[in-house]
Amino acid sequence: MTRLTLAKIVAEELATVREFAKGSAVRGRPRRTEWSKRLPGFGIRFYSTGRSVYIVQALMNGVTRTVTLGSTKVLSKHEALKVARRVLLRAQVGENPASERIRTRKTPSYADFLDLYWQRASPKWKARTLDTQTHYRRRYLDNAFVGKFVDEIDQADVLAWFNRVTDIGGPGAGNRCFEILRSMLNHAERWGYRPEGSNPCTFIRANKRRKCERFLSDQEVARLGKVLDARRKTDPLRAIIIYMLLLTGCRRSEITELTWGEVKGNRLLLHDSKTGPRTVWLGEEARMLLSTLERRGPADPVFWNKCTKRPVRDIEGFWAEVKAEAGLLGVRLHDLRHSFASHAAARSETLPMISKLLGHARLQSTSRYAHLDDTPLLDAAERIGNLIAEAMCNDSTLNSHTRCDSESLIHAR
C-alpha cells in the first residue's frame, strides 16, 4: 500500500462528511506537529505560513504513510477525528483501494464481457442458432446486470433475473437465456475474469420442461399415409418431404435443405446437421420416393420447384392441412421424428442403434425411448412369475431350501 492508496481512503471517508474544493491541502515545509492523545496517528500540522491542517499517519506493510485530511479552517476537529478513526481502522484491516483499482481495470463490466463472449463464441454457432441467440440477447441479456462487473454477479442477481425472464418470456425463454448466461460465466472463469468454480448458475434449477413428445400409432401412420398418397397428385414435393421425415427420422432442415450431392445410393451423407456431418441410412421406400424426383447438379436442392424457381422449404401450411385431414390435430412435424424412434424401440432396436439412426450426439438424448420397448420386461416378469409359482406349488422343494423350515424340523424332533 502506498501514500496514494492512503490518500484514496481519506478521500472516500471525507466524502461522507462534506465536500472540499480541490487544492485545499496545504503544501510546504512543516514546522511542527501536535499528535492527539485520544487517537494515536491523528494530529495537527502547523506550517510556517500560519496555516494548519489535520493529518493522519499509519503503518502499512512496514512503511509509515502520512496524508492530509484538510484545513483546520474548513474541517472541524470533531469531524476530522471521526474521519481519522475510520481511516486508521481501514488501514489496520489491510484494505487496499489500489488493488481494487487494479481489479476494476482488469475485470470487464458485464456489458463489455457480453460483447467479448459474443465475439469469440458466435463464429462457432450455426446460422439458425446465431439468430435465436441474438434474439434472446437483445430481449433479455443486454440489460440484465447493468452497472455490475462480471465477477460481481452472484446467485441472488442471477435468480432475480431468471425469474424476471421466466415471467416475461415464459419457461422456455427463461431456460434458453439461463443456458446462455451459464456458458458465459463458465467462459469468464476459463478466461480468468472470475474465480474457478464461482459460477452462480451452478445451484439454480432451470424451469421444468413441458413434455411435448407425441408418437403416432400404427393406425395414425396408416391414416397419414393415405392422405399423403392423395396429396402427391397435387403437391408431390411437400408430400414426399413429409414422407421422408417419417421414414428417416431426420430433422426438418435436414430434409428441406438436402442437396443432390448428399444423396449417395442407399444413404444420405449430410454435410452439416445439428450435431455435425452424419450419415442417414435409407430404406427401400425412401429410396423409391427420391428416385421419382428429377436429379440435378450436386449443389442443387433435391426439392426444387420448377414453376417458382425456388427450393421448397415452407411446409407448415401444407402440414396443417394434412394433419387436419388425417385427424392428427396437435401433432407437430417434429413428432414424426419421435414416431420413427418410437417404432424402432417398439421393435426392440437397441438404444445405441436408435441413437445412431437419429444422429444424437449423446445416448442420453435417446434414453427417452427406452420405456417404449416393453417386450423384454414382460418376458422377464413372466419368467420370474413362473419360477415363483412353481416353487409355491412344490412345498418339499421350498422347505428344503429355507433355513427357518430346517430349524423347525429339528425342534419338532
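Residues numbered from 1 in each chain as written. Predicted model: local features only at pLDDT ≥ 70, side-chain atom pairs only at ≥ 80, totals over all residues. Heavy atoms only, no water.

### Observations regarding the environment of Trp260
So, point 1. Position of Trp260 relative to the elements: it lies in the loop between α10 (252–256) and β5 (263–264).
So, point 2. Overall, the relative accessible area of 3% leaves Trp260 in the buried class.
So, point 3. Residues Trp260 and Ala299, 39 residues apart in the sequence, show an inter-C-alpha distance of 6.5 Å.
So, point 4. Aside from chain neighbours lying at most four places away, what touches Trp260 is Leu290, Leu293, Glu294, Arg295, Arg296, Gly297, Pro298, Asp300, Pro301 and Val302. (Helix = DSSP H or I, 4+ residues; strand = E, 2+ residues; numbered from the N terminus. Buried < 20%, exposed > 50% of the residue type's maximum accessible area, 1.4 Å probe, protein only. Contact = heavy atoms within 4.5 Å.)

### Quick word on the sheet that holds β5
Hydrogen bonding along the main chain pairs the strands of a sheet, whether they run parallel or antiparallel.
So, point 1. A sheet is described by the order of its strands in space; here three strands give the open sequence β5-β6-β7, paired in antiparallel fashion. Edge positions in the sheet fall to β5 and β7 (278–281), since each of these pairs with one other strand and no more.
So, point 2. Alignment of strand β6 (residues 267–270) against β7, held across four bridges, turns out to be antiparallel. Across the sheet, the residue bridging to Leu270 is Arg278, located in β7. (Pairing = 2+ DSSP bridges.)

### Observations concerning the nonpolar core
The nonpolar side chains of a soluble globular protein tend to be buried with one another.
So, point 1. In this structure, Leu224, Ile242, Leu268, Phe303 and Leu336 are the most contacted members of the largest nonpolar core, which totals 38 residues.
So, point 2. When contributions to this core are tallied by element, the ones reaching two or more residues are α8 (218–231), α9 (236–248), β6, α11 (284–291) and α12 (316–325).
So, point 3. Here this core takes nine residues from α9, the largest share from any one element.
So, point 4. Aside from chain neighbours lying at most four places away, what touches Phe303 is Leu237, Ile240, Ile241, Met244, Ile255, Leu293, Pro311 and Val312.
So, point 5. In this structure, Ala144, Ile180, Met184 and Leu185 belong to the second largest nonpolar core, which totals 29 residues. (Core = buried A, V, L, I, M, F, W, Y, C linked by side-chain atoms within 4.5 Å.)

### Quick notes on the side chain of Arg137
So, point 1. Relative to the assigned elements, Arg137 resides in helix α5 (residues 127–141).
So, point 2. Accessibility expressed as a relative area gives 15% for Arg137, which makes it buried.
So, point 3. Every residue in contact with Arg137, bar those within four places of it in the chain, is listed here: Leu114, Asp115, Trp118 and Asp142.

### Points about the confidence of the model for the protein chain
So, point 1. With 72% of its residues at a pLDDT of 70 or more, the protein chain shows a mean pLDDT of 78.
So, point 2. Here helix α17 (residues 403–412) is the element of the protein chain with the lowest mean pLDDT, 45, and helix α4 (residues 110–121) is the one with the highest, 94.
So, point 3. Contacts for the low-pLDDT stretch residues 18–27, under 50 throughout, to residues beyond four places or in other chains number eleven contacts.
So, point 4. With pLDDT under 50 throughout, residues 396–413 is counted as low confidence; its partners more than four residues away or in other chains account for four contacts. (pLDDT = per-residue confidence, 0-100.)

### Points about helix α2 (residues 77–92)
Residues that lie three or four places apart on an α-helix share one face, since the helix turns once every 3.6 residues.
So, point 1. End to end, α2 covers 22 Å across 16 residues, agreeing with the expected 22 Å (1.5 Å per residue, within 8%).
So, point 2. Within α2, the full set of buried residues consists of Glu79, Ala80, Leu81, Val83, Ala84, Val87, Leu88, Arg90 and Ala91. (Expected span 1.5 Å × (residues − 1).)

### What about the pattern of salt bridges?
So, point 1. Taken as a whole, this structure holds 14 salt bridges when the rule is applied.
So, point 2. Residue Arg231 is joined to Glu321 by a salt bridge in which the shortest nitrogen-to-oxygen separation is 2.9 Å. Of the two residues, Arg231 is situated in helix α8 and Glu321 in helix α12; the sequence distance between them amounts to 90 residues.
So, point 3. One continuous salt-bridge network, built from bridges that share partners, spans Asp115, Arg137 and Asp142. (Salt bridge = Lys/Arg side-chain N within 4 Å of Asp/Glu carboxyl O.)

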